[in-house]
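Here are the chains, one letter per residue:
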Amino acid sequence: MRRKILCFGEVAWDRAWLLNQLPRPGLDSVILAEYESPGGCALNSAYMLASCHVPVVLAGNYVGSGLRGQALREYLLTAGVESHVVSRSEKPTPLNQCLVAQSSGERTFILSHDGIQDYSPTLIGPILDDLSSGVFSHIFVQPYIHEGTKHLLPNVPKSTWILAQEIDCNSEFLPNIDALQLSLDEGTVFLASTITQLASTFFRGRLREIFFTHGAHGVWYQRKDSLPRFFPAVPVDKVVDTTGCGDAFRAGLILGLFSGATTVEAILVGLKFGALKAQTRGSHCKGLCESHTGS
């Protein structure tokens with residue numbers, strides 16, 4: 001049996017405006033270009049995993065039955081993503097909107113995660129059937145789809161590694177996941193003592209490891225009952241667009257673990273993927289497989 005990776009979460013369309021600079025008090029911003037592409041955290045990671053010829057299944061919120069929804073489904077099919085995405089006419093495909101600075105590649109979302117709470121309950125049954133038969137070895141879950149996550153996580157066997165993203169220390173989902181990916185705010189003191197103190201508020205139940213990402217600074221890896229370890233970011237000559245860099249890191253991390261790498265080796269793959277994404281316009285990028293196999 002060929003095992004697979006499951007990405008369960010946001011399936012959306014991303015719209016970005018390229019500006020000469022992000023809006024600042026007293027400074028005028030000029031729109032230079034506008035571009036769109038399929039996006040969403042789960043979709044981005046699934047797409048990048050599929051580009052590395054990894055068997056990946058994407059499931060999540062509804063998409064619309066209009067042009068964006070149709071284009072999104074065709075896009076996933078062409079990319080080789082096994083898509084369990086349900087269309088319906090009542091609501092449009094979720095649309096994330098962000099601003100990207102041409103000079104730095106820095107981005108800020110002005111609308112995101114809108115409408116992704118609605119999902120088809122019929123998805124959960126087949127996923128649970130696959131879980132019980134051992135199809136999935138690794139899972140990424142976005143708990144924004146609260147009810148779907150609530151039904152999914154308690155039924156995942158302990159032999160399946162579960163990574164969740166951006167949940168707080170009081171989340172009901174923490175006891176049911178193995179690993180957590182958290183983005184640190186720009187003002188966070190990026191020191192070992194800070195990381196250890198912050199991580200201690202999360203560990204309970206199954207949770208054993210946390211990946212703290214901090215953009216161009218790098219990643220802290222904290223395993224329960226161990227000292228944190230710092231991994232600097234891969235240097236980039238020119239940052240074009242930071243949208244999706246965290247999703248690219250996650251794709252590389254999961255790819256490494258799925259391929260049998262150690263956690264340290266998988267983190268290094270994730271950092272390389274994040275750096276490659278930063279040099280590409282849009283929500284995700286191609287060419288990751290070549291960079292991985294050539295490393």
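Structure shown above.
Predicted, not measured: the structure shown is a model, and the values here were computed from it. (Residues numbered from 1 in each chain as written. Predicted model: local features only at pLDDT ≥ 70, side-chain atom pairs only at ≥ 80, totals over all residues. Heavy atoms only, no water.)

1. Considerations on the overall build of the protein chain
Here comes step 1: When helices and strands are counted, the protein chain shows eight helices and 15 strands.
Here comes step 2: Taken over the C-alpha trace, the protein chain has a radius of gyration of 18 Å; the compact-globule value for 295 residues is 19 Å, and the two agree within 12%.
Here comes step 3: Its C-alpha atoms give the protein chain principal-axis dimensions of roughly 55 × 50 × 40 Å.
Here comes step 4: When each of the 295 residues of the protein chain is scored for burial, the buried share is 51%.
Here comes step 5: Here the contacts in the protein chain between residues at least 6 apart in sequence split such that 66% fall between residues at least 24 apart.
Here comes step 6: Split by element, the accessible area of the protein chain, about 13000 Å² in all, is 54% carbon and sulfur.
Here comes step 7: Charged side chains in the protein chain number 24 positive and 27 negative. The centres of these two groups are separated by 4 Å. (Helix = DSSP H or I, 4+ residues; strand = E, 2+ residues; numbered from the N terminus. Rg over C-alpha atoms; globule rule 2.2 N^0.38 Å. Buried < 20%, exposed > 50% of the residue type's maximum accessible area, 1.4 Å probe, protein only. Contact = heavy atoms within 4.5 Å. Areas by Shrake-Rupley, 256 points an atom, 1.4 Å probe, with all protein chains shown as cover. Lys, Arg positive; Asp, Glu negative; His and termini not counted. Charge placed at Lys NZ, Arg CZ, Asp CG, Glu CD.)

2. With respect to the sheet that holds strand β1 (residues 4-9)
Here comes step 1: Reading across the sheet, the nine strands line up as β6-β4-β1-β10-β11-β12-β13-β14-β15 and stay open at both edges, with mixed pairing between neighbours. Both outer strands of the open sheet, β6 (82-84) and β15 (229-232), are each paired with one neighbouring strand and no more. The average undirected angle you get between the axes of adjacent strands in this sheet is 20°.
Here comes step 2: Looking at chain direction, strand β4 (residues 56-60) and β6 are connected through three bridges and run parallel. Residue Ala 59 lies in a different strand from β6, and its bridge partner there is His 84.
Here comes step 3: Sheet strands in contact with helix α5 (residues 192-200) are β13 (209-213) and β14 (218-223), and its direction is about 50° off that of β14. (Pairing = 2+ DSSP bridges. Axes fitted to C-alpha atoms, helices over the stretch in contact; angles between N-to-C directions.)

3. Thoughts on the side chain of Thr 243
Here comes step 1: As for its position among the elements, Thr 243 is in the loop between β15 and α6 (245-258).
Here comes step 2: With sequence-adjacent residues up to four places away left out, Thr 243 is seen in contact with Cys 98, Val 100, Arg 107, Phe 109, Lys 277, Gly 282 and Ser 283.

4. Regarding the layout of surface pockets
Gaps between atoms show up when a probe of the same size as a water molecule is rolled over them.
Here comes step 1: In this structure, the largest pocket occupies an estimated 1300 Å³ of space.
Here comes step 2: In terms of lining, the largest pocket is formed by 45 residues, of which the most central are Arg 107, Gly 215, Thr 242, Cys 245 and Gly 246.
Here comes step 3: Of all elements in the fold, only α1 (41-50), β9 (107-111), β12 (179-183), β14, α6 and α7 (263-278) reach the threshold of two or more residues within the lining of the largest pocket. (1 Å grid on protein atoms, 1.4 Å probe; cavity = no way out; pocket = protein on both sides within 12 Å on 5 of 7 lines; lining within 4 Å. Points joined across faces, edges and corners; volume = space filled by probe spheres on them.)

5. Remarks on empty space enclosed by the protein
Here comes step 1: Summed over the entire model, instances satisfying the criterion amount to one cavity of 30 Å³ or more.
Here comes step 2: Tallied by class, the residues present in the lining of the largest cavity amount to three nonpolar, four polar and four charged. (Nonpolar A, V, L, I, M, F, W, Y, C, P; charged D, E, K, R; others polar.)

6. With respect to the pairing of strand β2 (residues 12-19)
Here comes step 1: With eight of its eight residues buried, β2 lies for the most part within the structure.
Here comes step 2: Burial along β2 is two-sided: the face carrying Ala 12, Asp 14, Ala 16 and Leu 18 and the face carrying Trp 13, Arg 15, Trp 17 and Leu 19 are both buried.
Here comes step 3: Judged from the eight bridges that link them, β2 and strand β3 (residues 31-39) form a sheet pairing that is antiparallel. The residue of β3 that forms the bridge with Trp 13 is Pro 38.
Here comes step 4: Two strands pair when backbone bridges link them, and β2 and strand β8 (residues 95-101) are joined in this way by seven bridges, in the parallel orientation. Each bridged residue has a counterpart across the sheet, and for Asp 14 the counterpart in β8 is Asn 96.

7. Description of the sheet that holds β8
Here comes step 1: Reading across the sheet, the four strands line up as β3-β2-β8-β9 and stay open at both edges, with mixed pairing between neighbours. Whereas interior strands pair on both sides, the edge strands pair on one side only; in this sheet they are β3 and β9. Neighbouring strand axes in the sheet, compared pairwise and without regard to direction, differ in orientation by 25° on average.
Here comes step 2: Across the sheet, helix α2 (residues 67-79) lies against β2, β3 and β8, angled at about 100° from β2, the strand it touches most.

8. Re the pairing of strand β11 (residues 161-165)
Looking along a regular strand, one sees the side chains alternate between the two faces of the sheet.
Here comes step 1: For β11, the buried fraction is high: five of the five residues fall into the buried class.
Here comes step 2: Residue alternation in β11 divides its side chains into two sets, Trp 161, Leu 163 and Gln 165 and Ile 162 and Ala 164, and both sets are buried.
Here comes step 3: Two strands pair when backbone bridges link them, and strand β10 (residues 136-141) and β11 are joined in this way by four bridges, in the parallel orientation. Each residue of the ladder has a partner; that of Ile 139, found in β11, is Ile 162.
Here comes step 4: The β-α-β motif built from β10, the intervening helix α4 (residues 146-152) and the parallel element β11 has right-handed crossover chirality.
Here comes step 5: With three bridges connecting them, β11 and β12 associate as parallel partners. Paired with Leu 163 across the two strands is Ala 179, which belongs to β12. (Right-handed = clockwise from strand over helix to strand, strands pointing away.)

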